[in-house]
2 protein chains.
Amino acid sequence: MNDQELSRFSINQMTVKQLPLPELAEACRELGVGGVGLWREPVQAYGVEAAAKLVRDAGLTVTTLCRGGFLTAIDPVERVGALDDNRAAIDEAATLGTDTLVLVSGGLPAGSKDLHGARERIADALAVLGPYAAERGVRLAIEPLHPMYAADRCVVSTLAQALDLAERFPADQVGVTVDTYHIWWDDRAPEQIARAGAGGRIHTFQLADWTTPLPVGVLNGRGQIGDGAIDMRQWKGYVEAAGYTGHIEVELFNEGLWARDGREVLAETAERFVEHAIRPAAYAGR
Amino acid sequence: MNDQELSRFSINQMTVKQLPLPELAEACRELGVGGVGLWREPVQAYGVEAAAKLVRDAGLTVTTLCRGGFLTAIDPVERVGALDDNRAAIDEAATLGTDTLVLVSGGLPAGSKDLHGARERIADALAVLGPYAAERGVRLAIEPLHPMYAADRCVVSTLAQALDLAERFPADQVGVTVDTYHIWWDDRAPEQIARAGAGGRIHTFQLADWTTPLPVGVLNGRGQIGDGAIDMRQWKGYVEAAGYTGHIEVELFNEGLWARDGREVLAETAERFVEHAIRPAAYAGR
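In this text the structure is predicted, and so the values were computed from the model without any measurement.

Nonpolar side chains in soluble globular proteins generally cluster together in the buried interior. With 188 residues, the main nonpolar core has M148 and W184 of chain A together with M148 and W184 of chain B as its most contacted residues. Setting aside residues up to four positions removed in sequence, W184 of chain B forms contacts with L108, L115, A150 and A151 of chain A together with W210, A229, I230 and W235 of chain B.

What follows deals with the sheet that holds strand β1 (residues 9-12) of chain B. On the basis of which strands lie adjacent, the closed barrel formed by eight strands has the order β1-β2-β3-β4-β5-β6-β7-β10 (chain B) and parallel pairing. Averaged over neighbouring strand pairs, the angle between their axes works out to 30 degrees when direction is ignored.

To continue, consider the UniProt feature "domain: Xylose isomerase-like TIM barrel" (unreviewed entry) in chain A. Following the UniProt record, one finds the feature "domain: Xylose isomerase-like TIM barrel" (unreviewed entry) at residues 26-268 of chain A. A helix fraction of 44% and a strand fraction of 17% characterise residues 26-268 of chain A, whose end C-alpha atoms lie 16 Å from each other.

A few words now on the packing of aromatic side chains. Residues and elements named next belong to chain A. Considering all chains together, one arrives at 14 aromatic pairs over all chains under this definition. When the ring of F205 is compared with that of Y244, the centres are 6.3 Å apart and the planes differ by 75 degrees; the resulting orientation is edge-to-face. With a gap of 39 residues between them, F205 in strand β7 (residues 202-207) and Y244 in the loop between α9 (232-241) and β10 (248-250) connect regions that are remote in the sequence. Ring-pair connections join several aromatic residues into one group, and the members of that group are Y181, W184 and W210. For K17, the ring lying beneath its charged end belongs to W258, and the centroid distance is 3.9 Å. A cation over an aromatic ring shows up here: R136 above the ring of Y132, its NZ or CZ 3.5 Å from the ring centre.

What follows covers helix α5 (residues 115-135) of chain A. Residue and element names in this part refer to chain A. Here α5 contains 21 residues, and its C-alpha end-to-end distance of 30 Å stays within 8% of the 30 Å for a straight helix at 1.5 Å per residue. Where α5 bends most, at L126, the angle is about 35 degrees. N-capping of α5 is provided by D114, with a side-chain oxygen placed 3.4 Å from the backbone N of H116. Once α5 finishes, G137 follows within two positions and takes phi at roughly 75 degrees, a positive value.

On the side of chain A, 32 residues touch chain B, which itself brings 32 residues to the contact. Summed over both partners, the interface of chain B with chain A comes to about 2500 Å²; 62% of that surface belongs to carbon and sulfur atoms. When the area that chain B buries against chain A is broken down by residue, the three leading residues are K113, W184 and W185 of chain B, summing to 25%. Counting across the interface, chain B meets chain A through zero salt bridges. Between chain B and chain A we count 10 residue pairs in polar contact (both at pLDDT 80 or more) in total.

Before going further, it helps to spend a moment on the relation of the copies chain B and chain A. Superposition record for chain B on chain A: RMSD 0.0 Å, screw rotation 180 degrees, translation along axis 0.0 Å. Accordingly, the operation relating the two chain copies is best matched by a two-fold axis. No C-alpha of chain B lies nearer the rotation axis than that of V216 of chain B, which sits 2.0 Å from it. Interface residue correspondence from chain B to chain A reaches 100%, placing this contact among same-surface, isologous pairings.

This part takes up unusual backbone geometry. Following T212 of chain A, the chain continues into P213 of chain A via a peptide bond in cis, with omega recorded as 0 degrees. In this fold, P213 of chain A is placed in the loop between β8 (209-210) and β9 (222-223). The phi dihedral of V218 of chain A falls on the positive side, at around 55 degrees, and the residue is not glycine. Tracing the sequence through the fold places V218 of chain A in the loop between β8 and β9. Judged by its relative accessible area of 2%, V218 of chain A falls in the buried class. Phi at F70 of chain B is positive, roughly 55 degrees, even though this residue is not glycine. Relative to the assigned elements, F70 of chain B resides in the loop between β3 (61-69) and α4 (76-96). Residue classification places F70 of chain B among the partly exposed residues on the basis of a relative accessible area of 37%.

All names here are of chain A. Where helix α3 (residues 48-57) contacts helix α4 (residues 76-96), the axes come no closer than 8 Å and their chain directions differ by 30 degrees. With respect to each other, α3 and α4 are oriented roughly parallel. Crossing geometry of α3 relative to α4 is assigned as right-handed. Contacts from V48, E49, A51 and A52 of α3 reach α4 at E92, T95 and L96.

The rules we used
- Residues numbered from 1 in each chain as written.
- Chains lettered and ligands numbered in written order.
- Predicted model: local features only at pLDDT ≥ 70, side-chain atom pairs only at ≥ 80, totals over all residues.
- Heavy atoms only, no water.
- Core = buried A, V, L, I, M, F, W, Y, C linked by side-chain atoms within 4.5 Å.
- Buried < 20%, exposed > 50% of the residue type's maximum accessible area, 1.4 Å probe, protein only.
- Contact = heavy atoms within 4.5 Å.
- Pairing = 2+ DSSP bridges.
- Helix = DSSP H or I, 4+ residues; strand = E, 2+ residues; numbered from the N terminus.
- Axes fitted to C-alpha atoms, helices over the stretch in contact; angles between N-to-C directions.
- UniProt positions renumbered as here; feature names shortened; annotations may be inferred.
- Phe/Tyr/Trp six-rings, centres within 6.5 Å; stacked < 30°, edge-to-face > 60°.
- Lys NZ or Arg CZ within 6 Å of the ring centre and 35° of its normal.
- Expected span 1.5 Å × (residues − 1).
- Bend = angle between axes of the 7 residues up to and from the residue.
- Polar contact = N/O pair within 3.5 Å; in protein donor to acceptor, adjacent residues only side chain to side chain.
- Buried area = accessible area lost by both parts, 1.4 Å probe.
- Salt bridge = Lys/Arg side-chain N within 4 Å of Asp/Glu carboxyl O.
- Least-squares fit on C-alpha atoms with pLDDT ≥ 70 in both.
- Parallel < 35°, antiparallel > 145°, perpendicular 65-115°, else oblique.
- Left-handed = near helix turned anticlockwise from the far one by under 90°.

Following this line, the structure appears as structure tokens:
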């Protein structure tokens, strides 16, 4: 594992959430990791300005901020609150120096069975937030979440749906997040990646592997790279064929990884990334 | 709830698996339920011929037999075994007098990351099994399972994928299972239902509701009709607009329902079916 092999690697903060931000920055320096995807909650707890200074001093590129979104409420007061919160997230992204805010769009409001209506309310919100973001140099990246989250977390379930929303707006306002965990099952996803690339809308590319059995609530079962069913080289090939040359974030929510030493998990994740996404398959012994 | 409202209702045996087959038949008679979807394991335990006589004497229509499939193995010996087992399932369906065998196609073989290859092996098997089934008056009904089962249970994740497979064969050999639980999130599903109907390939229509949080392993979380996010009338409208006039099975795998009195669950399920799928919305108090 050398610096060249790690040059596009970014560690999403959630993967090693047991590491306080200064320790994460220090561990990245030691390993030669140059990119980090941050989350709002730990950044706010540390202080947004302080976090911005910390990562800047450490020479880290903030590849994304996770996350804005939750834009599906019907209640007008809730909707105003969601817009305000997303404006704050955009401001935080700008302060941190990242050009990408990941959006998890939100699920069905309580009692609603109307997926189409919920998706339209996301579009209404993007019409407000897109210009606000672009004025601050931030792009919104709609993340289609796996269909198992459609009711309670994100009504945008496929890359095609995400692009149907994003393409109503300029690409410097709204694009998509391509995350292997959410789209690996979808035989239409490769053509949708090409569509996204052609429009300049692949705003970030994230990796996680699919392992079973899924845990209760299905949130914290994202597998370590190489442990599951997803061919990482193949998906990296799709996004590269679509013109994406940016960082590749590894974002895992995994109770088993969180229970271990954070620096050890970071090193393992970097190694797995190189083995399964960077080196040719022959070198991985397959 | 009257006989007319229940005329298209079929109870899938798994919904009330705590009821032995004779009790299920008796409970159906008492309630005026005329259709039942059976499963191979309890039918085999009771005896296939004896089960056929029981349901025939009770005047029940066997709407489906669940399930054949698991056709994705690479190992030649396993593949031969799977074909033999599916021929047996077809024979059992014919003996039971049902015209439809539901197929759960199978997941990825251990260590494989090749969804496309697995789907092609299903087609290879259907080329053998389709004629065998049609000669016995049985239609194979590929069931697309929710994408959360793609790795370990069924690599056919959407109605479009199921139809791509089915349409390689005559409709009296291979069609699809439309199950709300698996497709409700998919904005392409309504057009795919129309495609399936136009080709005479809607071989069964099943209902289950989507409730969260999902349980560990995500298998036994199928919600009682009306408890979740799915608009049953809307999906019934789609299949009817596509020309489907057959029975509608309610198939729930739910630990909570299994822990209750089976006859009570059957009665509740019939009531929920009428309330949420049959009566106009106004009568349901919405």
